[in-house]
Amino acid sequence: MEAGQAVKQARETRREGKKSIRMKRTRQFTQDKSTPQRERLLTDQVNTHTMQRSSEIDIFRGLNILEMENTESCDHPFFDHAEYEDMRLNYADTIFPCFAFISGMLLKPTRVVPVRKSVQLIGLGMAFNAIPCVMEGTPFRPLGVLQRHGLSSIILNNVVPVEWRNSIKYPIALTTLWYLISIVLATDKWRPFQEQKHTAQQKIDSPFFKGRTYHEHFDPEGLLGALMTAVSIWSGAWFSNNVAFTNWQTLLLGSGFFSAGYLISKILPNYFPMSKPLWSPAFVLATNGVTILKYLLLKVSMPYLPSVVSHVLAVVGRHSLEVYFLGEITLLGLKYKPAVGGKSIWTRIESFLSNHLPRGLTQTLLTVAFDAALVGFALLCNSKGWKIRLY
């Protein structure tokens, strides 16, 4: 009996001793924050999270760039932009705001993009817009996607100190300024956005870009809209850098943004229109919501994507500028109508396929083939180390 108690007591002593050693090691590891072991652990955790987040954003940007090209290459109504008078949001209208939002996600809180990089981006956009002038003799269009993004980047990065830029006060100030200009310069102060030709946006752009007529089928990517595009970029930075959201919180946030933008445009359409040409505050809210929901969908789908698909989209995302330029220049060449003959290469291919296949299938095949060519080019850039670098 005594022997059994002795054995039991010895076991208890050993357990207490092991527990004491574990607790001592834990306290030592927790309290000594300067130990190399803890530093390595924390560094590895941060690096792993950063790499995962960077990969997600690369894939997201790759999808977005292909969508941007599809709006140019595909004639399906799904990729049509809403006209000015429609004052509604088509899916194609959310693609460029998504690009701006993703750019913000890549912007670190303490990082300032040098103004020279934004100026170089504006110059690249203007150089690209000069190509149709030479090929087709059309009037020169000073602004476009890259120019708008460059201007917005300057407004966000180079106008105020970083500390003020990271504050919620900055998008509020930009939105207020946008409204003041839009109302003060509009012909009808009570309905400042009713007719495009009477808006402040039109009055600001016309003196700068004479000879370029803005109409309901044309998105001018004008100067005033750069203020709210900067808010879209700021929103991406805020979402990515300042708050860690769970999937459910992300779902509620995206749904809330979209609902707020949609409802306010229905309740007060005269002052809160849903308009991409204006890049209105309601448009920013709604497109922020769509972008957040798309990012959430990608995030939860990533574990189920084939590795080759994830890799290819990430490569496209890392070479987004190269892919964008190649896609736009290729489409200019394919859709160029020669003086003799009158039909572009794209139209000839489309007509040939339409004679043998339904129109919907023809559009799908052309879009898939064009996207595959862009993916192939991105892989080539990745393997050769080709990169358009802005300094």
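No experiment lies behind these values; they were computed from the predicted model shown. (Residues numbered from 1 in each chain as written. Predicted model: local features only at pLDDT ≥ 70, side-chain atom pairs only at ≥ 80, totals over all residues. Heavy atoms only, no water.)

Visitor: Teacher, can you tell me more about unusual backbone geometry here?
Guide: For residues that are not glycine, phi is negative in most cases, and the peptide bond is trans in most cases. Although it is not a glycine, Met87 sits at a positive phi angle of roughly 50°. Even without glycine at this site, Trp279 takes up a positive phi of about 50°. By secondary structure assignment, the location of Trp279 is in the loop between helix H10 (247-267) and helix H11 (281-301). We classify Trp279 as buried; its relative accessible area is 0%. (Helix = DSSP H or I, 4+ residues; strand = E, 2+ residues; numbered from the N terminus. Buried < 20%, exposed > 50% of the residue type's maximum accessible area, 1.4 Å probe, protein only.)

Visitor: Would you take a moment to explain H10 for this structure?
Guide: Residues spaced three or four apart along an α-helix point in a common direction, a consequence of the helix completing one turn every 3.6 residues. For H10, built from 21 residues, the straight-helix expectation of 30 Å at 1.5 Å per residue is met to within 8% by its first-to-last C-alpha distance of 30 Å. Of the positions making up H10, those classed as buried are Thr250, Leu253, Gly254, Gly261 and Ser265. Taken end-on, H10 shows its buried residues confined to a sector of 95°, consistent with a single buried face. For H10, the exposed residues lying more than 90 degrees away from the buried face are Trp248, Leu252, Lys266 and Ile267. Structurally, H10 contributes buried residues whose contacts are with helix H9 (225-241) and H11. (Expected span 1.5 Å × (residues − 1). Arc of directions from axis to C-beta. Contact = heavy atoms within 4.5 Å.)

Visitor: Would you mind going over H9 with me for this structure?
Guide: Here H9 is 17 residues long and its end C-alpha atoms lie 25 Å apart, about the 24 Å a rise of 1.5 Å per residue gives. Of all 17 residues in H9, 15 are buried; the element is thus mostly enclosed.

Visitor: Could you clarify how one ought to interpret the pattern of salt bridges in this entry?
Guide: If charged atoms from side chains of opposite charge come close, those side chains can pair. Tallied over the full model, the rule gives six salt bridges. Across the pair Asp58 and Arg318 runs a salt bridge whose closest N-O atoms are separated by 3.7 Å. Separated by 260 residues along the polypeptide, Asp58 in helix H2 (residues 36-73) and Arg318 in helix H12 (residues 307-318) bring together distant segments of the chain. The buried category is assigned to Asp58, whose relative accessible area is 9%. For Arg318, a relative accessible area of 33% gives the class partly exposed. Put simply, Asp188 and Arg191 hold a salt bridge, and the shortest N to O gap is 3.4 Å. Asp188 sits in the partly exposed class, given a relative accessible area of 30%. Put simply, Asp58, Arg61 and Arg318 are held in one network by salt bridges that share partners. (Salt bridge = Lys/Arg side-chain N within 4 Å of Asp/Glu carboxyl O.)

Visitor: Help me understand the layout of surface pockets, please; the structure alone is not making it clear to me.
Guide: Space left empty within the atom packing is revealed by a probe, the size of a water molecule, rolled over the atoms. Looking at the second largest pocket, its volume works out to about 810 Å³. Arg61, Arg111, Lys117, His149 and Leu390 are the residues nearest the centre of the second largest pocket, which is lined by 30 residues in total. Elements supplying a minimum of two residues to the lining of the second largest pocket: H2, helix H3 (95-105), helix H4 (115-136), helix H5 (145-157), H12 and helix H13 (320-334). If one sorts the elements of the lining of the second largest pocket by residue count, H5 sits on top with six residues. Here the residues of the lining of the second largest pocket sort into 14 nonpolar, nine polar and seven charged. (1 Å grid on protein atoms, 1.4 Å probe; cavity = no way out; pocket = protein on both sides within 12 Å on 5 of 7 lines; lining within 4 Å. Points joined across faces, edges and corners; volume = space filled by probe spheres on them. Nonpolar A, V, L, I, M, F, W, Y, C, P; charged D, E, K, R; others polar.)

Visitor: Any chance you could explain the environment of Asp93 here in plain terms?
Guide: Here Asp93 is to be found in the loop between H2 and H3. Owing to a relative accessible area of 1%, Asp93 belongs among the buried residues under this scheme. In this structure the C-alpha to C-alpha distance between Asp93 and Thr287, which are 194 residues apart in sequence, comes to 8.3 Å. Apart from residues lying up to four places away in sequence, Asp93 is in contact with His81, Ala82, Arg88, Lys276, Phe283 and Thr287. Separated by 3.3 Å, the side chain of Asp93 and the backbone nitrogen of Ala82 make a polar contact. (Polar contact = N/O pair within 3.5 Å; in protein donor to acceptor, adjacent residues only side chain to side chain.)

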